[in-house]
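One-letter residues, chain by chain:
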Amino acid sequence: MSFIPGQPVTAVVQRIEIQKLRDGDNLILGFSIGGGIDQDASQNPFSEDKSDKGIYVTRVSKGGPAEVAGLRIGDKIMQVNGWDMTMVTHDQARKRLTKKKEDVVRLLITRKSLEEVVRQSMMQH
Amino acid sequence: MFFRERSRDCHKSRSKGSSRSEKSVTINAPPAEPLLGDQSVRGEEVQDDNWGETTTAVTGTSEHSLSQEDIVRISKDLDDSVGLDCKRYLSVTLSVILGLVVFLTPLAFIILPHLFWSDRLRACGTACEGLFISVAFKLLILLLALWALFFRPRKASLPRIFVFQALLATLVLLIVLSYWLFYGVRILDSQDEDYQGIVQYAVSLVDALLFIHYLAIVLLELRQLQPYFSLCVTRSTDGETKHYNLGQLSIQKAAVVILENYYKDFTVHNPAMLTASKSRATRHLAGLKVYNVDGPGGNNAAAGIAQSQSRAMIAAAARRRDSSHNELYYEEAEHERRVRKRRARLVVAVEEAFTHIRRMQEEEQNKSPGDVMDPREAAQAIFPSMARALQKYLRTTRQQHLHSMESIQQHLAVCITNNMTPKAFLESYLIPGPTLQYGQDRWLARQWTLISEVSVTSGLKEGTIFLLKCIEFSLVVTAKKIPYIQLAEEFIDPKSHKFVLRLQSETSV
């Protein structure tokens, strides 16, 4: 998941659709994010490359809409509803996920296990 | 002579009515002579009988209101007004008499026994003579204290007496009288021999007087120091507003304080700046004319017609698509541009003028006493180069009547003497200052009228409104109580200020 400047980023992604849960006046998704281009990337426990300033899932609340949809802790979010999340600040990421007018968010996430699965399936051939 | 009297009374009643009606904007002129002449022709006998009932008598009211003509008259004949001076001198004489009586009473108490029955008096021992010293010093302190508190130069003459001062004077009089009564009955009549007792009695009177003086300080001076009301003062012509915090004063005293601050805080009243809005207002309704299509109706319908006419005019004026707001905007923009251009020219001219003169040093003075000028001559020398620009600027900002050439040259001389920069010299012309800054002839009215619905000696209350009127404008004063402040305390331990770096934040969505 590291990127070489000037080269396009390629990753194996999984599409996850989360329905927002209405809790009173708020719409919650049920997970926590960390990271961003304005944060200190070296403290990210989930990233392989410690210079990766992407948005990672740091906590998934049990039984929440995110867990039901298949989000796991440590996932890196690449896109939210078509908006890029690899080069955003922490606050911008939060805003893209918590838009009040949207009931559902479609995420593209990537995790290390996905790549391994793809490699294994390619090796079988 | 008879009809002239009646006309004067009618004139007074009509002008009183006009000054009391706060709703009307214009003040009606007194009726012309021929109108009354018609009345006299109609029925002499009828009016002869009941002219006593129909004549309006001017009774003393609690509000001190004068019509405009009276004010003008009074301000012109200020020297001839005996009434005001009489009041002032009367109060001064009364207070001096009271002071003398108060001062001489203890001395009289001590001296009278010696005059009348000195042979039977017991000899004055050491303690008694000590009391003499005490009386002397206390009287001296009382004298100085009275001088300090009461005999200060008056700064205003108020319409009514000051209630607290009157009460205190009455109290002092009561005390002195009761002491004299006791003295007269128990000591003079019975010719008491105990001289020490008599001296102690005199000392007690002086003590009582000193305590009354302390009461006077608290009532007259200290009680008003703590701010309790906030007064909002608005000028009626241009709406300039200032706020003042005052203590618990009577309305007339509050008026004096406000007027003192008015001369120092409010910018000078410039009637030339007000004509623009008036002309706009007249143009607003000027284009409309009302025609009575149904012919002249009866007298009882006249009021109804007038009302409907005015309503129709207002409605038509509101509906008319007039572009006066457009005119106002462009006019103001144009005026602003012109003022700024003139101001730029003025600043440059003054700066240039100031470079023409230079202060001469000491050594040079001794060496060449040639073309030396004192500040006045220096001012006169450089004034012509900036005069035209200054005059044009003053005319554009409509201030030209506030400054005479003499005053400008004088101001220039002062600025040169004190090494002021051109900017400092121009400050008083670029920005309109408070009324005190201009000559005494601009102070216009020093005779103000206090118009109030409640008695002027009553204290200020929440929501009190009164008016201070002078010839050209009036000040509307509203009193509001300063809100009661409830202060709560919160303790923060200085050791509780701890911080962590917020570099990896986590947000839950």
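Every value quoted in this text rests on a predicted model; they were computed, and no experiment measured them.

**A word on the overall build of chain B**
Now for step 1: The helix and strand inventory of chain B stands at 17 helices and six strands.
Now for step 2: Counting across all 509 residues of chain B, residues that qualify as buried make up 27%.
Now for step 3: For chain B, restricting intrachain contacts to residue pairs at least 6 apart in sequence, the fraction spanning at least 24 positions comes to 75%.

**A closer look at the overall build of chain A**
Now for step 1: Helix and strand content of chain A: three helices and eight strands.
Now for step 2: A total of 125 residues make up chain A; the buried ones form 37% of that total.
Now for step 3: Counting contacts in chain A only where the partners sit at least 6 residues apart, residues at least 24 apart contribute 65% of the total.
Now for step 4: In the form shown here, chain A has an accessible surface area of approximately 7,500 Å², with 52% of it arising from carbon and sulfur atoms.

**Considering the pattern of salt bridges**
Residues and elements named next belong to chain A.
Now for step 1: A complete count under the given rule lists 16 salt bridges over all chains for this structure.
Now for step 2: We note a salt bridge from Arg111 to Asp75, for which the minimum N-O separation is 2.6 Å. Here the residue Arg111 occupies a position in the loop between strand 8 (104–110) and helix 3 (112–124), and Asp75 occupies one in the loop between helix 1 (65–69) and strand 6 (76–80), the gap between them amounting to 36 residues.
Now for step 3: Take Arg111: its relative accessible area is 15%, and that puts it in the buried class.

**Observations regarding the UniProt feature "transmembrane region" (unreviewed entry) in chain B**
Residue and element names in this part refer to chain B.
Now for step 1: With numbering matched to this structure, UniProt assigns "transmembrane region" (unreviewed entry) to residues 89–111, 131–150, 162–183 and 198–220.
Now for step 2: Secondary structure across residues 89–111 comprises 100% helix and 0% strand; the distance between its end C-alpha atoms is 32 Å.
Now for step 3: A distance of 33 Å separates the end C-alpha atoms of residues 198–220, which is 100% helix and 0% strand.

**Focus on the packing of aromatic side chains**
All names here are of chain B.
Now for step 1: Under the defined criterion, the tally for this structure stands at 19 aromatic pairs over all chains.
Now for step 2: Note on Trp180 and Tyr183: the rings are 5.9 Å apart at their centroids and 85° apart in plane angle, and the pair reads as edge-to-face. Linking Trp180 with Tyr183, this pair stays in helix 8 (residues 163–188), spanning three residues, or about one helical turn.
Now for step 3: Here Tyr183 falls in the buried class, since its relative accessible area comes to 0%.
Now for step 4: Plain terms: the ring middles of Tyr262 and Phe473 are 5.9 Å apart, the flat faces sit at 40° to each other, and that makes the pair tilted.

**Examining the pairing of strand 1 (residues 229–235) of chain B**
Residues and elements named next belong to chain B.
Now for step 1: When you tally the buried positions in strand 1, you get six out of seven residues, the bulk of the element.
Now for step 2: Of the pairings in the sheet, the one linking strand 1 to strand 2 (residues 241–246) comprises six bridges and is antiparallel in character. Paired with Cys232 across the two strands is His243, which belongs to strand 2.
Now for step 3: Where strand 1 folds back onto strand 2 in an antiparallel hairpin, the turn is made up of five residues, including Gly239, whose phi is positive at roughly 80°.
Now for step 4: Pairing between strand 1 and strand 5 (residues 474–481): seven bridges, direction antiparallel. From the neighbouring strand, Arg235 faces strand 5, where its bridge partner is Leu475.

**A word on the interface of chain A and chain B**
Now for step 1: Contacts between chain A and chain B engage 18 residues on the former and eight residues on the latter.
Now for step 2: In this assembly, chain A packs against chain B so that about 1,100 Å² is buried in total across both faces, 48% of it on carbon and sulfur atoms.
Now for step 3: For the interface between chain A and chain B, the tally reads one salt bridge.
Now for step 4: A:Arg59 is paired through a salt bridge with B:Glu506; the nearest N and O atoms lie 3.6 Å apart.
Now for step 5: Elements represented by at least two residues in the side of chain A that touches chain B include exactly strand 4 (31–34), strand 5 (55–60) and helix 2 (90–97) of chain A.
Now for step 6: In terms of residue count, the dominant contributor to the side of chain A that touches chain B is strand 4 of chain A (four residues).
Now for step 7: Per-class residue counts for the side of chain A that touches chain B are five nonpolar, ten polar and three charged.
Now for step 8: Pairing of strand 4 of chain A with strand 6 (residues 506–508) of chain B, which is carried by three bridges, proceeds in the antiparallel orientation.

**Side note on the sheet that holds strand 5 of chain B**
Residue and element names in this part refer to chain B.
Now for step 1: The five strands are arranged 2-1-5-4-3 in an open sheet whose pairing can be described as antiparallel. In the strand order of this sheet, the two ends are held by strand 2 and strand 3 (449–452), each with one partner. In this sheet, adjacent strand axes meet at a mean angle of 25° when their direction is disregarded.

**Here we look at helix 16 (residues 405–417) of chain B**
All names here are of chain B.
Now for step 1: End to end, helix 16 covers 18 Å across 13 residues, agreeing with the expected 18 Å (1.5 Å per residue, within 8%).
Now for step 2: Along helix 16, the residues that are buried comprise Ile408, Gln409, Leu412, Ala413, Cys415 and Ile416. Considered in projection along helix 16, the buried side chains sweep an arc of 165° and stay on one side of the axis.
Now for step 3: In this fold, the buried residues of helix 16 make contact with helix 13 (324–354), helix 15 (375–396) and helix 17 (422–430).
Now for step 4: After helix 16 finishes, the residue Asn419 shows a positive phi value of roughly 55°.

Conventions and cut-offs
- Position numbers for residues start from 1 in each chain and track the written sequence from start to end.
- Whichever chain is written first is A, and whichever ligand is written first is 1; the rest continue in order.
- Local features are withheld for residues below a pLDDT of 70 in this predicted model, meaning they are given only at 70 or higher, and side-chain atom pairs are given and counted only at 80 or more; totals for whole chains, interfaces and linings count all residues.
- In computing side-chain values, all of the structure's heavy atoms are included and hydrogens and water are not.
- Helix and strand definitions here come from DSSP, where helices need a minimum of 4 consecutive H or I residues and strands a minimum of 2 consecutive E residues; each element is numbered from the N-terminal end.
- Think of it in three bands: with a 1.4 Å probe and only protein chains considered, a residue is buried below 20% of the maximum accessible area for its type, exposed above 50%, and partly exposed in between.
- The criterion used for residue contact is that any of the two residues' heavy atoms lie within 4.5 Å.
- Using a 1.4 Å probe, accessible areas were evaluated by the Shrake-Rupley method; residue-level cover was limited to the displayed protein chains.
- For this document, the term salt bridge refers to a Lys or Arg side-chain nitrogen within 4 Å of an Asp or Glu carboxyl oxygen.
- UniProt positions are given in the numbering used here, feature names are shortened, and annotations may be inferred rather than shown by experiment.
- A pair of aromatic rings is counted whenever rings of Phe, Tyr or Trp (Trp by its six-membered ring) have centres within 6.5 Å, and the orientation is called stacked for planes under 30 degrees apart, edge-to-face for over 60 and tilted otherwise.
- Pairing between two strands is assigned when DSSP locates at least 2 bridges connecting them.
- Two parts lose some accessible area (1.4 Å probe) when they are put together, and adding that loss for both gives the buried area.
- Residue polarity follows a fixed list, in which Ala, Val, Leu, Ile, Met, Phe, Trp, Tyr, Cys and Pro are nonpolar, Asp, Glu, Lys and Arg are charged, and the others, Gly among them, are polar.
- Lines fitted to C-alpha atoms define the axes, with helix axes restricted to the stretch in contact, and inter-axis angles between N-to-C directions lie between 0 and 180 degrees.
- Helix span, expected: 1.5 Å multiplied by one less than the number of residues in the helix.
- Think of it as the arc spanned by the lines of direction from the helix axis to the C-beta atoms.

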